[in-house]
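# Reading the structure
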Amino acid sequence: MAWAAQELAQALRQRDVTVQIGAEPLGGIVVEVAGAGMKAQPGAGAAFPPRAEAMALERSGDHILAWGFDTRGLVYALTELADRVRTGQGEDLFEGTFPLVEQPTARIRSMARLFCAEEEDKLWYYDKQQWRDYLTMLASNRFNRFALTLGMGYNYPYHNPWISDVYFYFPYPFLLAMDGYGIDVKELSAEERDHNLDMLAFIGRECARRGLEFQLALWTQRYDFDDVPRANYTVRGVTEENLAPYCRDAITALLRHVPEITGLTFRVHVEGGIAEGEYGFWEEAFAGVAAAGRPVEIDMHGKGLDHKMIDIARRSGMPVAASPKYLAEHMGPPYHQSAIRDKEYPPESAKSEREQLSEGSRKFLRYSYGDLLTRDKDYKVIYRIWAGTQRVLLWGDPVFAAGYGRSSMFAGSDGVEWCEPQSFKGRMGTGMPGQRFNYKRHGYATRQDWRKYDYQYRVWGRLLYNPEAPRQSWMRWLERECGDLAEACEKGLSWASRVLPLVTLAHGPSASNNHYWPEIYTNLGLIEGSGKRAYGFDMDGPTRFGNAPTFDSALFASPREFAELLLAGKSSHRYTPLDVADWLDDMAAGCETALSTARSSPDYNRAEPQRILADVEILGGMARHFAQKFRAACWAELFIATKASELIEPMLGHARNAVLAWERLAAVSRELYHDDLTYGPQSWLRGSWHSRLPEMQAELLDLEALRGFGGTESVAGTPALAKAIAALKGHRPTRAQPDASAPTAVFAGGEPLPIRIEVEAEDAPVLHYRHINQAERWQSMPMQAERGGYTATIPAEYTKSDFHLQYFVSLRQNGQSTLIPGLAPDLANEPYFTVMQR
């Protein structure tokens, strides 16, 4: 709290206001600080919530009461006042919402910063002032945890020819000299090693000063130390016999040297260097955590995690957490995917003993929550949002951020950790000096690389904390930085920020961020050709755009699936590629309106609006590109199935428009961003928007050659095709009807659960239901007409389980597919109902 009080005092001094702390005021504005148990009582206008981290501000004339339920709540109250002073433009230093009463929704609101490249990351790691500024920004925006992540530079540590930059990859010898083991780094001086440890301790102290939990992520416990000829550092002295005890003792030493560390994250599957099933190593490692002599949370990354591993962590006596991914290694709309891809269900046998869990019996945990959300779990579940979808361009949508704030607590979950913008920059040995800023145009780079994303952190942190946070809490920052363009920047970036999450959800050629980067998209051909090298390993063939699965097979249909339904004369209860295209066009129109408004403003040439609006223009162009690509794919899939030549021209028309949209956004990026933005060594992990254009143009030429049908005879259409074309042209959007059902909040296991909807329908609606366990498939049953509505009952045998339930209903109304509840127009809600088991 003392730090927060100083932040407020400093902000006031910068506005030339005399400040007194802890003394009788001489006059002027009085800020009174109160917490739970203190004598100050709430005024007539507000009730103070008795909940951890809750805060309140009240004002009566020149008297302001800043209240917090606990120390962290007081920090939020005081930093809110400091932020108003710093960002305010008027005479009233504390202008804003009064009374303001807030309490957290997501219990854990974490930001992860990754050290991946010596060339790019050493500068910020050693910069004490940037740490002070960065951690202050996190605490002021209601984050309560910071995760410094080491050892994520590569995935597979065995026989990996890409391994070259190993700084902090196996982190312990870069931080510690452990007596009795003879393990060190040949090229690392003792002075630099000690400096690394001193900086880690400094970061821990600065986190504690601000009330932040300090999570240290140790992702790699070994690699092929003797089989990495390109490695820039040599780790010596590790043997099969001493590895586990060395890691155990190093963990203890780290925790004792940095007592502010509140938790450790471990990658417990094969990519961390320990073969799956080698539980003995983890028994030793977790014993090292316990030996520190204080509670330190053991957080285990979800992939390959089994309940035996959870029990080993539990037996250590330490607090336990599991951290699955939110939507594979990407970012989608806020809800949790209804179903995982078919490729993520367990195979008949695992690839190897080393991967017996992550590629075997526990494969369903690779990319989501799997079976972790049991009703009686005694561990935390924290979702990690990976930086696969978007790494360079700005993100900032208050609506989606609020949606994440609500969904991060899904079915008893505990919160979310976001891998910050630019995560994986310079990964796998591709670091370049000066590349953290991405811009090549003079005047666009910010003082510190993360400051480009100031608005993004603000929106994300404050709305994770309170999804109902007042709009003014982010608008005052935009008004200071963007002047008259504040509203245009807010609206434009809000629309733009929905584009890539939607594209990712509906088009999932790879769950891996090492192969699929939607932001700088490697083209996947409509018929065949481009994209196979990037995506071929992770999608079932043939490798083409329309055959790529969606990341939610229960609610979204791929272009191939949609075309098959059209040819069969059937309708789909799922969202179609045309629904996705319509949403993307709406997003593009929102971006274009904001840009049109902004260009007439005298503040258009200010630095911050320029950064925001350039990214809005690029993302708006991507919305147009993918909208056209989804439409083209529907025609392409019909053509592939029938070979009817009448389908070529409609496909070509959409394909041309897709390329035109990319040409326009490439023209913006070419002048602004570096030609080679590196997030890995392969072609699909580097480059820029303009470098992707030639491949798209080449595909268009190949498609135009189909007019002659490759020299073969044209194929005539059929009556079935004519109906399919008519249905495609006359397609009506899938509707959502969220108010047609009033679900019960809880159910009793082993008792039937009746479901009722109040709607009119052409045919019997279908109830879709499933345990909240992604290892299972969805069940369905027709509903029966009853008293002006429809009912169905989930049987008692099904409700008798360790899991909560979710369900949705599909039906047809006036020739239109309808989902209950379905997705709202802003795509920020959960498109199913969740019913918790008592």
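This write-up is about the structure you can find in this document. (Residues numbered from 1 in each chain as written. Predicted model: local features only at pLDDT ≥ 70, side-chain atom pairs only at ≥ 80, totals over all residues. Heavy atoms only, no water.)

With that settled, consider the overall build of the protein chain. Broken down by element type, the protein chain carries 22 helices and 24 strands. Against the globule reference of 28 Å for 838 residues, the protein chain gives a C-alpha radius of gyration of 28 Å, in line with a compact fold. Judged by the C-alpha coordinates and their principal axes, the protein chain covers about 85 × 70 × 65 Å. Every one of the 838 residues in the protein chain was classed for burial, and the buried ones make up 63%. Taking the intrachain contacts of the protein chain between residues at least 6 apart in sequence as the baseline, contacts between residues at least 24 apart amount to 76%. Of the roughly 29800 Å² of accessible surface on the protein chain, 50% is carried by carbon and sulfur atoms. If you average the places of the 91 positive and of the 108 negative side-chain charges in the protein chain, the two averages end up 1 Å apart. (Helix = DSSP H or I, 4+ residues; strand = E, 2+ residues; numbered from the N terminus. Rg over C-alpha atoms; globule rule 2.2 N^0.38 Å. Buried < 20%, exposed > 50% of the residue type's maximum accessible area, 1.4 Å probe, protein only. Contact = heavy atoms within 4.5 Å. Areas by Shrake-Rupley, 256 points an atom, 1.4 Å probe, with all protein chains shown as cover. Lys, Arg positive; Asp, Glu negative; His and termini not counted. Charge placed at Lys NZ, Arg CZ, Asp CG, Glu CD.)

Another point: the side chain of Asn513. Structurally, the position occupied by Asn513 is in the loop between helix 14 (499-506) and helix 15 (532-535). Asn513 sits in the buried class, given a relative accessible area of 2%. Excluding residues that lie within four positions of it along the chain, Asn513 makes contacts with Glu329, His330, Trp386, Ala387, Gly388, Arg391, Phe424, Arg427 and Leu685.

Here the focus is the sheet that holds strand 2 (residues 55-60). Sheet strands associate in pairs through backbone hydrogen bonding, adopting either a parallel or an antiparallel arrangement. With mixed pairing, the 4 strands of this open sheet are ordered in space as 1-3-2-4. Edge positions in the open sheet fall to strand 1 (30-35) and strand 4 (100-102), since each of these has one partner strand only. If you compare each strand with its neighbour and ignore which way they point, the axes differ by 15° on average. Most of the contacts of helix 2 (residues 71-87) go to strand 3 (residues 63-68), to which it runs at about 140°, and overall it touches strand 1, strand 2, strand 3 and strand 4. (Pairing = 2+ DSSP bridges. Axes fitted to C-alpha atoms, helices over the stretch in contact; angles between N-to-C directions.)

Quick look at the packing of helix 18 (residues 607-642) against helix 21 (residues 719-729) now. Between helix 18 and helix 21, the least distance of the axes is 12 Å, while the angle of their chain directions is 175°. It follows from the interaxial angle that helix 18 and helix 21 lie roughly antiparallel. On helix 21, the residues touching Cys634, Trp635, Leu638 and Thr642 of helix 18 are Leu721, Ala724, Ile725, Leu728 and Lys729. Grouping the constituent residues of the contact of helix 18 with helix 21 by class yields 7 nonpolar, 1 polar and 1 charged. (Parallel < 35°, antiparallel > 145°, perpendicular 65-115°, else oblique. Nonpolar A, V, L, I, M, F, W, Y, C, P; charged D, E, K, R; others polar.)

Here we come to helix 8 (residues 307-315). Residues of helix 8 that are buried: Met309, Ile310, Ile312 and Ala313. One side of helix 8 carries all its buried residues, which in axial view fall inside an arc of 155°. Positive phi shows up at Gly317, right after helix 8, with a value of about 85°. (Arc of directions from axis to C-beta.)

Reading around the barrel, the 8 strands line up as 5-6-8-10-11-12-13-14 and close back on themselves, with parallel pairing between neighbours. Recorded for the sheet is a direction-independent mean angle of 25° between the axes of neighbouring strands. Here 6 bridges tie strand 6 (residues 145-150) to strand 8 (residues 213-218), and the two strands are oriented parallel to one another. Counterpart to Phe146 in the pairing with strand 8 is Phe214. The sheet contacts of helix 6 (residues 243-257) involve strand 8 and strand 10 (261-266), and relative to strand 10 the element is tilted by about 150°.

All right, on to the packing of aromatic side chains then. Note on aromatic pairs: each is described by the distance of the centres and the angle between the planes. Tallied over the full model, the rule gives 60 aromatic pairs. Where Tyr125 meets Phe168, the ring centres are 5.4 Å apart and the plane angle is 70°; that geometry is what we call edge-to-face. Taken together, the residues Tyr125 in helix 3 (residues 118-125) and Phe168 in the loop between strand 6 and strand 7 (184-185) connect sequence positions 43 residues apart. Side by side, Tyr125 and Phe168 carry an identical accessibility label, which is buried. It is Arg391 that lies over the ring of Trp517; its NZ or CZ is 5.1 Å from the centre. Here the guanidinium or amino end of Arg498 rests over the ring plane of Trp495, the centre of that ring lying 5.2 Å away. (Phe/Tyr/Trp six-rings, centres within 6.5 Å; stacked < 30°, edge-to-face > 60°. Lys NZ or Arg CZ within 6 Å of the ring centre and 35° of its normal.)

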